[in-house]
Amino acid sequence: MSSSDIFLGEVIGTAVLILLGGGVCAAVTLRRSKAMGAGWVAITFGWGFAVLTAAYISLGLSGAHLNPAVTVGIAVQSGEWAKVPAYFAGQLLGAMIGAALVWVSYYGHFLAHLTHREVVGGPGAQTTAAADRRRSDAPGPVLGIFSTAPEIRSPVQNLATETIATVVLVLAILTQGLTEGLALSGTGVLVTALVVVGIGLSLGGPTGYAINPARDLGPRIVHALLPLPNKGGSDWGYAWVPVVGPLLGGALAGVLYRLAFA
């Protein structure tokens, strides 16, 4: 694959990934959405289907990494690093495009949600949430549509959770080549999508399972830039965790593969 094909494939694939993944978060979160309140199971399956769709679209162009942690894991496993920058650049740009498309798709719902008195304060407001948002960088009321946040804010635990979950994801991807015919049949993409669903159901509770630095950082940047009223902070104090944790997990998965399976 040429660097230009890799870049284009990752831009398109990651944009679709975030459009559909962020889209299900928006559908569940925003007021006047038909899916509002559908819950965690809807989110986990929505992200799984997002992975499935995006990977099938971009597989022929770039190999459908769609995730810097996957790229790092494959590079550690194979020893080939030359095209890593093209993957990283495409993934980050694609994630930002996908997040912007979520905003466009739900534009009216963002406005309705962010001007509702229970969200932004005033009579009948949820006082605890309103008080929390008085902190300058506190997570805003729609930040969860764009990026992740922990339920219990503990950097060591949060980092460990993201690292462990990403090891599972990347190791599952790396070991697909050990099953004859799995990659050739295209079934590996389906397996990966189901692994993402499983990780969300089992390990997503503590941090929201970023397991993908581009998936978290790109949309967080877009959240910071978008002209959304009353959007609150982008929580940059936490932003390093869903970047460092998945990258560490991807590297560890690559090392584990070489030690146990090579």
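To be clear, the structure that these remarks concern was listed above.
Residues numbered from 1 in each chain as written. Predicted model: local features only at pLDDT ≥ 70, side-chain atom pairs only at ≥ 80, totals over all residues. Heavy atoms only, no water.

Participant: Is there a simple way to think about the packing of helix α2 (residues 40-62) against helix α11 (residues 187-203) in this case?
Facilitator: Helix-helix packing: each pair is described by the crossing angle between the helix axes and the interaxial distance. At a minimum axis separation of 8 Å, α2 and α11 run at an interaxial angle of 155°. Here α11 runs roughly antiparallel to α2, going by the angle between their axes. In this structure, α2 crosses over α11, and the sense of that crossing is right-handed. Along its contact with α2, which presents Trp40, Val41, Thr44, Phe45, Trp47, Gly48, Val51, Leu52, Ala55, Tyr56 and Leu59, the element α11 presents Val189, Leu190, Thr192, Ala193, Val196, Val197, Gly200 and Leu201. Grouping the amino acids of the contact of α2 with α11 by side-chain chemistry returns 15 nonpolar, four polar and no charged. (Axes fitted to C-alpha atoms, helices over the stretch in contact; angles between N-to-C directions. Helix = DSSP H or I, 4+ residues; strand = E, 2+ residues; numbered from the N terminus. Parallel < 35°, antiparallel > 145°, perpendicular 65-115°, else oblique. Left-handed = near helix turned anticlockwise from the far one by under 90°. Contact = heavy atoms within 4.5 Å. Nonpolar A, V, L, I, M, F, W, Y, C, P; charged D, E, K, R; others polar.)

Participant: It is not clear to me how the side chain of Thr175 should be interpreted in this structure. Could you clarify?
Facilitator: Of note, Thr175 is situated in the loop between α9 (155-174) and α10 (182-185). There is a polar contact of 3.3 Å between the side chain of Thr175 and the backbone oxygen of Ala172. Not counting chain neighbours up to four residues away, the residues in contact with Thr175 comprise Tyr257 and Phe261. (Polar contact = N/O pair within 3.5 Å; in protein donor to acceptor, adjacent residues only side chain to side chain.)

Participant: Is there a simple way to think about the environment of Gly232 in this case?
Facilitator: The topology assignment puts Gly232 in the loop between α12 (213-225) and α13 (241-260). According to the relative accessible area criterion, Gly232 is partly exposed, its value standing at 36%. Sequence spacing of Gly232 and Ser154 is 78 residues, and the spatial spacing of their C-alpha atoms is 21 Å. Aside from chain neighbours lying at most four places away, what touches Gly232 is Ala138, Gly140, Pro141 and His223. (Buried < 20%, exposed > 50% of the residue type's maximum accessible area, 1.4 Å probe, protein only.)

Participant: How should I be thinking about helix α3 (residues 68-78) in this particular structure?
Facilitator: For an α-helix, 3.6 residues make a turn, and residues three or four places apart therefore share a direction. Where burial is concerned, most of α3 is hidden: eight out of the eleven residues are buried. Of the positions making up α3, those classed as buried are Pro68, Ala69, Val70, Thr71, Val72, Gly73, Ala75 and Val76. Buried residues along α3 sit in contact with α4 (84-105), α9, α12 and α13. The opening residue of α3, the one whose side-chain oxygen lies 2.8 Å from the backbone nitrogen of Ala69, is Asn67. Within two residues after α3, Gly79 carries a phi angle of roughly 80°, on the positive side.

Participant: I tried to follow the packing of α3 against α4 on my own but got confused; where do I start?
Facilitator: Put simply, α3 and α4 touch, their axes get as near as 9 Å, and they point 170° apart. As judged from the angle between their axes, α3 and α4 are roughly antiparallel. Of the residues in α4, those touching α3 at Pro68, Thr71, Val72 and Ala75 are Val84, Tyr87, Phe88 and Gln91. For the contact of α3 with α4, the class distribution of residues is six nonpolar, two polar and no charged.

Participant: What's the story with a nonpolar patch on the surface in this structure? I'm lost.
Facilitator: Residues Trp40, Val41, Phe45, Phe49 and Leu201 make up a contiguous nonpolar surface patch of roughly 480 Å² in combined accessible area. It is α2 that provides the largest number of residues to the nonpolar patch, a total of four residues. Looking at the element boundaries, Trp40 is found in helix α2. Using a relative accessible area of 36% as the deciding quantity, one classes Trp40 as partly exposed. (Patch = residues over 30% accessible without salt bridge, like charges linked within 9 Å, V, L, I, M, F, W, Y side chains within 5 Å. Areas by Shrake-Rupley, 256 points an atom, 1.4 Å probe, with all protein chains shown as cover. Salt bridge = Lys/Arg side-chain N within 4 Å of Asp/Glu carboxyl O.)

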